[in-house]
Amino acid sequence: MNRALCPGSFDPVTKGHLDIVERASRLFDEVVVAVAVNQAKAGLFALPERLELLRETTARFPNVRVDSFQGLVVDYCTANGVSAIVKGVRVAGDFDYELQMAQMNLGLAGVETLLMATNPLYSFIASSLVKEVAKWGGDVSAYVPDVVAARLVDKFAQA
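First, a word on what this report is: a plain description of the structure on this page. (Residues numbered from 1 in each chain as written. Predicted model: local features only at pLDDT ≥ 70, side-chain atom pairs only at ≥ 80, totals over all residues. Heavy atoms only, no water.)

**Considerations on the overall build of the protein**
Item 1. Scanning the protein from N- to C-terminus turns up six helices and five strands.
Item 2. Its C-alpha radius of gyration of 15 Å places the protein within 12% of the 15 Å reference for a compact globule of 159 residues.
Item 3. The C-alpha extent of the protein, read off along each of the three principal axes, is 45 × 30 × 30 Å.
Item 4. Considering the protein as a whole, with its 159 residues, one finds that 43% of them fall into the buried category.
Item 5. Taking as baseline every contact in the protein between residues at least 6 positions apart, the subset at least 24 positions apart corresponds to 77%. (Helix = DSSP H or I, 4+ residues; strand = E, 2+ residues; numbered from the N terminus. Rg over C-alpha atoms; globule rule 2.2 N^0.38 Å. Buried < 20%, exposed > 50% of the residue type's maximum accessible area, 1.4 Å probe, protein only. Contact = heavy atoms within 4.5 Å.)

So this is what it looks like as structure tokens:
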């Protein structure tokens, strides 16, 4: 089976993330969308919330499953039979960072990385920007799925 991994924090998942997942799902037999757990970084959404939002927003893709991991992405790949990592690249800065990571992952475990150019419709979207706009009451519905927009409103209403 030709299996790929789309790793990230997904805090929250955006339409840009989903575009990459959808396109990867057409190239691979199975795509695992995995939330990277970083204990040192407190996210807006707890891990169970991120997993729930990802499951809900990727349910339309029959060959996509959702998981989480802690530690090196290549260790997850090796343990789960993943042959390639798929990452979206929005701008040159993303490319510079992702190229270094791709070379390290290849060197550590022989895991290939596919750098996929982001659809221009989503090239400026970042989860951090979405959170900042939502925090101040801005409408982020053009950038995230409806369920995520509603959860953001709820999160910031509680704050």
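**Notes on the sheet that holds strand S4 (residues 84-89)**
Item 1. Strand order in the open sheet formed by five strands is S3-S2-S1-S4-S5, and the pairing between neighbours is parallel. Of all the strands in the sheet, the pair left with one neighbour each is strand S3 (64-69) and strand S5 (112-117). Pairs of neighbouring strands in the sheet enclose a mean axial angle of 30°, with direction left out of account.
Item 2. Strand direction decides the pairing type here: strand S1 (residues 3-8) and strand S2 (residues 30-36), joined by six bridges, are parallel. Each residue of the ladder has a partner; that of Cys-6, found in S2, is Val-33.
Item 3. Across the sheet, helix H4 (residues 92-109) touches S4 and S5, and the angle it forms with S5 is around 165°. (Pairing = 2+ DSSP bridges. Axes fitted to C-alpha atoms, helices over the stretch in contact; angles between N-to-C directions.)

**Quick look at the packing of helix H2 (residues 47-58) against helix H6 (residues 146-158)**
Item 1. It is the contact of H2 with H6, at a shortest axis distance of 10 Å, that shows an interaxial angle of 155°. By the angle between their directions, the pair H2 and H6 is classed as roughly antiparallel. Contacts between H2 and H6 involve Glu-49, Glu-52, Leu-53, Glu-56 and Thr-57 from the first element and Val-147, Val-148, Arg-151 and Lys-155 from the second.
Item 2. Counted by class, the contact of H2 with H6 contains three nonpolar, one polar and five charged residues. (Parallel < 35°, antiparallel > 145°, perpendicular 65-115°, else oblique. Nonpolar A, V, L, I, M, F, W, Y, C, P; charged D, E, K, R; others polar.)

**Remarks on the layout of surface pockets**
Item 1. Here the largest pocket defines a volume of roughly 960 Å³.
Item 2. Mapped by element, the contributors of at least two residues to the lining of the largest pocket are S1, helix H1 (15-25), helix H3 (73-80), S4, H4 and helix H5 (127-135).
Item 3. Tallying contributions element by element places H4 first for the lining of the largest pocket, with eight residues.
Item 4. Considering only residue class, the lining of the largest pocket consists of 19 nonpolar, 13 polar and four charged.
Item 5. Ser-9, Ala-36, Asn-38, Lys-41 and Arg-50 are, among the 21 residues lining the second largest pocket, the residues nearest its centre. (1 Å grid on protein atoms, 1.4 Å probe; cavity = no way out; pocket = protein on both sides within 12 Å on 5 of 7 lines; lining within 4 Å. Points joined across faces, edges and corners; volume = space filled by probe spheres on them.)

**Section: the side chain of Thr-58**
Item 1. Assignment of secondary structure puts Thr-58 in helix H2.
Item 2. By relative accessible area, which is 2% here, Thr-58 ends up buried.
Item 3. Filtering out sequence-adjacent residues up to four positions away, Thr-58 remains in contact with Leu-18, Val-21, Val-64 and Val-66.

**A few points about the pairing of S4**
Item 1. Most of S4 sits inside the fold, with five of its six residues counted as buried.
Item 2. Pairing between S1 and S4: two bridges, direction parallel. Among the inter-strand pairings, Ala-4 is bridged to a residue of S4, identified as Ala-84.
Item 3. Looking at chain direction, S4 and S5 are connected through six bridges and run parallel. Paired with Ala-84 across the two strands is Glu-112, which belongs to S5.
Item 4. Taking the sense of rotation as the criterion, the β-α-β connection linking S4, H4 and S5 turns out right-handed. (Right-handed = clockwise from strand over helix to strand, strands pointing away.)

All quantities given are derived from atomic positions and should not be read as evidence of function.
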